[in-house]
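Letter by letter, the chains look like this.
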Amino acid sequence: MDRVESLLAQLDPEQRQAVSHGEGPLLVVAGAGSGKTRVLTYRIAYLLAKGLAHSHEILAVTFTNKAARQMVERVETLIGGRPQGGFVGTFHRFALQLLRNHPREAGLPLRFAIADEDDQRRTLERVLKRLAVPTERLTARAARSRISAAKNALLSPRQFAEAARTPDQLLLAEVFAGYQGELTSAGAVDFDDMLLLSVRLFEQEEAIRKGLTDRFRWVLVDEYQDTNEAQARLLKLLTGKHPNLTVVGDEDQSIYRWRGAQVENILRFDQTYPGAKVVTLGRNYRSAEPILRAAAAVIANNTQRRPKKLSSEAGAGVPVTAYQAADEVDEARFVAEEIERLRAEVRPGEMAVLFRINAQSRPFEAELVRRGVPYVVVAGTRFWERAEIKDAVAYLRLLVAPDDTLAFRRAVAVPPRGIGEATMELLEHAAGEWGVALPEAARRLPATLTNRARLSLEKFFGLLEELRAQAGTHPVDEVVSTLLDRSGLAAMYSEASEEDRARRANLDELVTAAAEASERGLDLAGFMDEVALVADADLRATGEAVQLSTLHAAKGLEFDAVFLVGMEDGLLPLRREDANSIEDLEEERRLAYVGMTRARKRLYLTSARIRRLHGKQMPGRLSPFFLEVPRDVVVDRTAAAGRDPFRATLPYPGAPAAGGWGREPRTPSPEPRSSGGRESGPRPPGPGPRSSSSHPDGWRPGLKVRHASFGSGVILQVQGTGAQTKLVVYFDRAGRKTLIPSLAKLERA
DNA sequence: GCTTGCGGTATTTTT
DNA sequence: TACCGCAAGC
């Protein structure tokens, strides 16, 4: 019992209450910074220590691989060993595993493929084309998200069609059916299908469901506010009649409504699970008081929530800083200057610039590069989304599943081998005629093919055979190497262009990823499942750099200093052309709330009076959310910056009449074109942070360098000395790279 | 069947 | 502003 006692002793009363809850459903409403992960991990440790659960009886579900990994690690340190036999992973991983174990019962081919977003888009484009749907009526993009929503709501194409009334819905029903038909004949499932089919499997195969219900006697779910209907249903089926289900979440941090997440799941948890115990964690250990007060005041305007209060346990702190910039360049300048100033006491890795949309990151990057401040942009073009990677992966998928039609379509087209639209149509026709999958039809080399196409296909399949033979006997990374080499995928990219070299470098990274997978004992099929399930965010090493991130990507993280930028009406809340419902506005407000509550000690709220975005100028009216922040917790630095006092920002119509910054009398003024920003004078593109100590080899942040492949760049960061020296360099063309100067051909520019 | 140029369009993106 | 997808030329 000692163990149990000592676990509980490390918790506050509410946390303890949640952790030590016995059997039955439990909802932990965990406000920002209140120790959500702590409760989850301690609860697992508690159940094990108390002997209530065996580790193989525990199923813990998260949304990201990263969260899952963290959970495992933390539980390990708590219980001093690795929990055996349970499942800790994402919803999708759980579902995929289930379907891989029971493909037949799920109505899937033995080696079904996974259609990624790209496959989905291409498939939908074909369907839309076939149905002659004009793009003005429905784009592939729109269709994808609406079909996804239907699947999340557990609707089959048929059910959807039956419910369809408007011409719009009827059209979508047709597209949905066509899309699903294509997926089926390609032997593929998309991400939504994984969940949907798992639900169906549970509903139809009582034995399978019961097997799992009996096995996983304890189920724990993280970020429950982000579950969609399919996920909620899956949990309900899985936990059976006596649900030992613990869910942790916070409706105020639900920011994935556009992806099917239903706040209602968490708001109505006690109705779905009658008798559920509800514990609210109300102590915030993260944010200083002014930050918490600001955030609380904003979120209090939402109606879709339980009213609750968070008390700050993190001290009085300093007021929130506000700054209204002249334009986005001035905003970036202010932020970068402030970051430089803060570096005296705050490590770069403890600072973050958070924005609503990725397109906002440019000016900040420019300013930070100029000053030699190390930074990372979280989520640029993601590794696994890159064309060159997808091309190679398509080949690999074909090795695993020869009839993966979607992969075939992609692989056969790159590098160009004389197989184009005409040949594809011919093959499609043959496939239909013979009733076989498209790749199979291609393998049979229909007589109607031109000689050129025939030879080309023979060669293509010959290569696949060769690789498949190698895959049987060699580690994954070797297969990938051979593939890149023999297919000509690597040769497509010349040494002449820097962009091409970056692509080659990416392909090398793919080999590295394969080698790692191989070391973990995965075969090619396992590697492919991994690739499908792994988001790039999981691979990202943060290091000591300021993070530039979207608000979405910042969820779950915390920083000493947070710059929430672009607080303008239309940007945050983001204005979209389709329906700006109250629900949409509340989700935007939650985004602002999530952003603000990432901050521990310092929070900055900035905006621009004029913003160029997408090449257009946007009028920079202050965000209504900004106006919701109580004045007494804010210090406005706009005037103190020595520029003209800000003006011309009309208060948001719906904003509270009192308070807010938009009300000061404004001097009418000429277009504030180039008033701000430049006034502080151009900064010398100087040698970066003065703090950087000199390196024996002379490398220092701010130094301009040239690399044989990546071209010219500037050093952001220097790590280690001697042969261990690593340089983080920002290249004009290739972006951020980490290099070892003793290996890389790097010279001073 | 593959490359060049125009116009339309732009979110957020855990898997 | 930037990219991407489509339409016309080689």
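Here, the structure is the one placed above.
What comes next is a walk through the structure. (Residues numbered from 1 in each chain as written. Chains lettered and ligands numbered in written order. Predicted model: local features only at pLDDT ≥ 70, side-chain atom pairs only at ≥ 80, totals over all residues. Heavy atoms only, no water.)

**Digging into the packing of aromatic side chains**
At step 1: Enumeration according to the criterion identifies 14 aromatic pairs in this entry.
At step 2: A ring pair is formed by Phe-334 and Tyr-604, whose centres lie 6.4 Å apart and whose planes are at 65 degrees; its orientation type is edge-to-face. Taken together, the residues span a long stretch of sequence, with Phe-334 in helix α16 (residues 328-342) and Tyr-604 in strand β16 (residues 599-613) at a distance of 270 residues. Here the two residues Phe-334 and Tyr-604 agree in accessibility, since each one is buried.
At step 3: The structure contains a cluster of three or more aromatic residues connected by ring pairs, namely Tyr-323, Phe-334, Phe-563 and Tyr-604.
At step 4: Here the guanidinium or amino end of Lys-236 rests over the ring plane of Tyr-273, the centre of that ring lying 4.6 Å away. (Phe/Tyr/Trp six-rings, centres within 6.5 Å; stacked < 30°, edge-to-face > 60°. Helix = DSSP H or I, 4+ residues; strand = E, 2+ residues; numbered from the N terminus. Buried < 20%, exposed > 50% of the residue type's maximum accessible area, 1.4 Å probe, protein only. Lys NZ or Arg CZ within 6 Å of the ring centre and 35° of its normal.)

**Concerning the side chain of Asp-116**
At step 1: Here Asp-116 lies in the loop between β4 (113-115) and α6 (117-130).
At step 2: Here Asp-119 takes part through its backbone nitrogen, which lies 2.8 Å from a polar atom of the side chain of Asp-116.
At step 3: Those residues in contact with Asp-116, other than ones at most four positions away along the chain, are Phe-191, Lys-390 and Arg-397. (Polar contact = N/O pair within 3.5 Å; in protein donor to acceptor, adjacent residues only side chain to side chain. Contact = heavy atoms within 4.5 Å.)

**What about the side chain of Ser-549?**
At step 1: Mapped onto the elements, Ser-549 comes out in strand β14 (residues 546-550).
At step 2: By relative accessible area, Ser-549 is classed as buried at 2%.
At step 3: Residues contacting Ser-549, with those up to four places away along its chain left out, are Val-353, Leu-354, Phe-355, Val-378 and Ala-554.

**Here's the deal with the protein's contact with DNA strand C**
At step 1: DNA strand C sits among Arg-121, His-614 and Gly-615.
At step 2: Atoms of DNA strand C within 4 Å of the protein belong to the sugar or the phosphate in 20% of instances, the rest to bases. (Near = heavy atom within 4 Å.)

**Observations regarding helix α17 (residues 361-371)**
At step 1: The buried fraction of α17 is high, at 8 of 11 residues.
At step 2: Restricting attention to buried positions, one finds in α17 the residues Ser-361, Pro-363, Phe-364, Glu-365, Glu-367, Leu-368, Val-369 and Arg-371.

**A word on the nonpolar core**
At step 1: With 51 residues, the main nonpolar core has Trp-384, Phe-408, Leu-457, Phe-460, Leu-510 and Phe-527 as its most contacted residues.
At step 2: Secondary-structure elements contributing two or more residues to this core are α18 (387-400), α19 (405-411), α20 (421-434), α21 (438-443), α22 (451-473), α23 (476-487), α24 (498-519) and α25 (524-533).
At step 3: If you tally residues by element for this core, the top one is α18, at 9 residues.
At step 4: Beyond its immediate stretch of four places on either side in the chain, Leu-457 contacts Phe-408, Val-412, Ile-419, Leu-427, Ala-442, Leu-445 and Leu-449.
At step 5: Counting 44 residues, the second-largest nonpolar core is a separate cluster that includes Val-29, Leu-195, Leu-234 and Leu-237. (Core = buried A, V, L, I, M, F, W, Y, C linked by side-chain atoms within 4.5 Å.)

**Side note on α16**
At step 1: Between its first and last C-alpha atoms α16 spans 21 Å; for 15 residues at 1.5 Å apiece the expected length is 21 Å, and the two agree.
At step 2: A large share of α16 lies buried, amounting to 12 of its 15 residues.
At step 3: Glu-328, Asp-330, Glu-331, Ala-332, Arg-333, Phe-334, Val-335, Ala-336, Glu-338, Ile-339, Glu-340 and Leu-342 are the residues of α16 that are buried.
At step 4: Here α16 starts with a cap whose side-chain oxygen sits 3.1 Å from the backbone nitrogen of Val-329, and that cap is Asp-327. (Expected span 1.5 Å × (residues − 1).)

**Some words on the sheet that holds strand β1 (residues 26-30)**
At step 1: Ordered by their spatial adjacency, 6 strands build an open sheet running β3-β2-β6-β7-β1-β8, and the pairing between neighbours is parallel. Bordering the open sheet on either side are β3 (87-90) and β8 (277-281), each of which pairs with just one other strand. Pairwise comparison of adjacent strand axes, ignoring direction, gives a mean angle of 15 degrees for this sheet.
At step 2: Across 4 bridges, the pairing between strand β2 (residues 58-62) and β3 is parallel. Bridge pairing in β3 places Ala-60 opposite Val-88.
At step 3: Strands β2 and β3 of the sheet are contacted by helix α4 (residues 65-79), whose axis makes an angle of about 155 degrees with β3. (Pairing = 2+ DSSP bridges. Axes fitted to C-alpha atoms, helices over the stretch in contact; angles between N-to-C directions.)

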